[in-house]
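Chains, contacts and geometry: an overview
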Amino acid sequence: MVTETPATRPANPRFSSGPCAKIPTFSLDKLNDAALGRSHRAAVGKAKLKAAIETTREILGIPADYKIGIVPASDTGAVEMAMWSMLGARGVEMLAWESFGAGWVSDVVKQLKLDATVREAPYGEIVDFAQVDFDKDVVFTWNGTTSGVRVPNGDAIPADRDGLTICDATSAAFAMDLPWDKLDVTTFSWQKVMGGEAAHGMLILSPRAVERLENYTPAWPLPKIFRMTKGGKLIDGIFEGATINTPSMLAVEDYLIALDWAKSIGGLPALIARADANAKAIFDFCETRDWIDNLAVDPATRSNTSVCLKFTDDRIADGAAFAKAVAKRLEGEGVALDIGAYRDAPAGLRIWCGATVETADIDALLPWLEWAFEAEIAAQG
Ligand SMILES: Cc1ncc(COP(=O)(O)O)c(C=O)c1O
């Protein structure tokens, strides 16, 4: 039984799953070089947008023949652009195992009204990729941010598929190895693993995705912010920093400094190692406690970014109220902000472990978690 408050507090209590903690070296004066008050179409603005694209390519190891665009409306904008521009050309399979994936299912079935095969798994589990027909277009989320369940690897996706894979990788990019040869459309936003600012989406297209765009016109109208082709040709400028509409140059600068930090610590392997170390600290903690467990049933699918936890103690009377009270107690102590489970997810906690979080802060948080758990059990009476 733990009653004393732990001696050490996390230096940074920000464990939100988006916007996520800023890079450890962040300070506002690092943004001094931002092209503020300048046109994004002037040479200085365009060069920064292009640098954001090319440094992303370098760090993530994106092949030279893939296109990378900065698009409106964050990750949602990028996913919607892809689905509305490319789907309908052939059969569609929609895969979902948590809230965001379910949102894409609903869009395709209810808004685009496509007769898609829908494969869903409950929170904590994942759909069986072996059943999926990759000769259809397949839409899925690499890391389910609200369930903490991720695709373990791309092995189940055939290299010689006929369909396109459209992958929402917003809480995976920069923390997990993404197999570019298996992904035709990949999306993410800046405020996740890189701790950037929310505004723009990144849209990454394989040559086959570009081919689809240039050879298929959907039956429905497309608003200007979704349009990537003109006269049957890809608008190349979008993928060279000539954005469709006006971007935030402050957000661009902030992303650039996060990319610089990523390079300075050793690039993608170092980013992945940081997320892995953070997540492992939590996995090890759960391993030696019988009152808390990972929501992900199969250890191979456990996220190393959005780690979702459930309380398993029989003494808990009301699971949802209990989890909320633990999160509130930790927030009240200033040791963990925003760690309640997502509103549609099962009751529990979600602790962001992406690269901008320091392992020392996770280590400092865990004794507090034990303290808050014991305090809430005692408070139940
Ligand atoms: C898997 C996933 N998809 C989409 C989104 C929506 O992202 P955005 O707010 O960048 O549009 C989120 C946000 O957390 C997410 O986790």
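I will try to describe carefully the structure that is included in this document.

Rules and cut-offs
Residues numbered from 1 in each chain as written. Predicted model: local features only at pLDDT ≥ 70, side-chain atom pairs only at ≥ 80, totals over all residues. Heavy atoms only, no water. Helix = DSSP H or I, 4+ residues; strand = E, 2+ residues; numbered from the N terminus. Rg over C-alpha atoms; globule rule 2.2 N^0.38 Å. Buried < 20%, exposed > 50% of the residue type's maximum accessible area, 1.4 Å probe, protein only. Areas by Shrake-Rupley, 256 points an atom, 1.4 Å probe, with all protein chains shown as cover. Lys, Arg positive; Asp, Glu negative; His and termini not counted. Charge placed at Lys NZ, Arg CZ, Asp CG, Glu CD. Patch = residues over 30% accessible without salt bridge, like charges linked within 9 Å, V, L, I, M, F, W, Y side chains within 5 Å. Salt bridge = Lys/Arg side-chain N within 4 Å of Asp/Glu carboxyl O. Axes fitted to C-alpha atoms, helices over the stretch in contact; angles between N-to-C directions. Left-handed = near helix turned anticlockwise from the far one by under 90°. Contact = heavy atoms within 4.5 Å. Nonpolar A, V, L, I, M, F, W, Y, C, P; charged D, E, K, R; others polar. Phe/Tyr/Trp six-rings, centres within 6.5 Å; stacked < 30°, edge-to-face > 60°. Expected span 1.5 Å × (residues − 1).

Scanning the chain from N- to C-terminus turns up eight helices and 14 strands. Computed over its C-alpha atoms, the radius of gyration of the chain comes to 21 Å, within 12% of the 21 Å expected for a compact globule of 381 residues. C-alpha atoms of the chain, sized along the principal axes, occupy 70 × 50 × 30 Å. Burial status across the chain gives 57% buried among its 381 residues. Here the chain displays about 15,500 Å² of accessible surface, and carbon together with sulfur accounts for 50% of that area. For the chain, the distance from the average site of its 38 positive side-chain charges to the average site of its 52 negative ones is 7 Å.

Taken together, the side chains of Asp133, Asp135, Asp160 and Asp162 make up a negatively charged region of the molecular surface. The class for aspartate 135 is partly exposed, based on a relative accessible area of 38%.

So, about the packing of helix H1 (residues 43-60) against helix H5 (residues 249-265). The description of two packed helices rests on the angle between their axes and on the distance between the axes. In the contact formed by H1 and H5, the axes pass within 10 Å of each other and the chain directions differ by 35°. In this structure, H1 crosses over H5, and the sense of that crossing is left-handed. Contacts between H1 and H5 involve Gly45, Lys48, Leu49, Ala51, Ala52, Thr55, Thr56, Glu58 and Ile59 from the former and Met249, Val252, Glu253, Tyr255, Leu256, Leu259, Ala262 and Lys263 from the latter. Looking at the contact of H1 with H5, its residues break down into ten nonpolar, three polar and four charged.

Another aspect to go through is the packing of aromatic side chains. Evaluated as defined, the whole model comprises 16 aromatic pairs. Between phenylalanine 174 and phenylalanine 188, the ring centres sit 5.4 Å apart and the planes meet at 90°, which makes this aromatic pair edge-to-face. In this pair, phenylalanine 174 sits in the loop between strand S7 (165-168) and strand S8 (185-189) while phenylalanine 188 sits in strand S8, placing the two residues 14 residues apart along the sequence. Exposure remark for phenylalanine 174: the relative accessible area of 2% places this residue in the buried category. Aromatic side chains phenylalanine 311 and phenylalanine 322 sit 5.2 Å apart centroid to centroid with 80° between the ring planes, which places their arrangement in the edge-to-face category. Of this pair, phenylalanine 311 sits in strand S13 (residues 306-311) while phenylalanine 322 is found in helix H7 (residues 319-332), placing the two residues eleven residues apart along the sequence. Here phenylalanine 311 matches phenylalanine 322 in class, with each residue buried.

Moving on, we come to H1. Taking 1.5 Å of rise per residue, 18 residues should cover 26 Å, and H1 covers 25 Å from first to last C-alpha, within 8% of that figure. Within the sequence span of H1, burial applies to Gly45, Lys48, Leu49, Ala52, Ile53, Thr55, Thr56, Arg57, Ile59 and Leu60. Against strand S1 (67-71), S8, strand S9 (201-205), H5 and helix H6 (267-287) lie the buried residues of H1.

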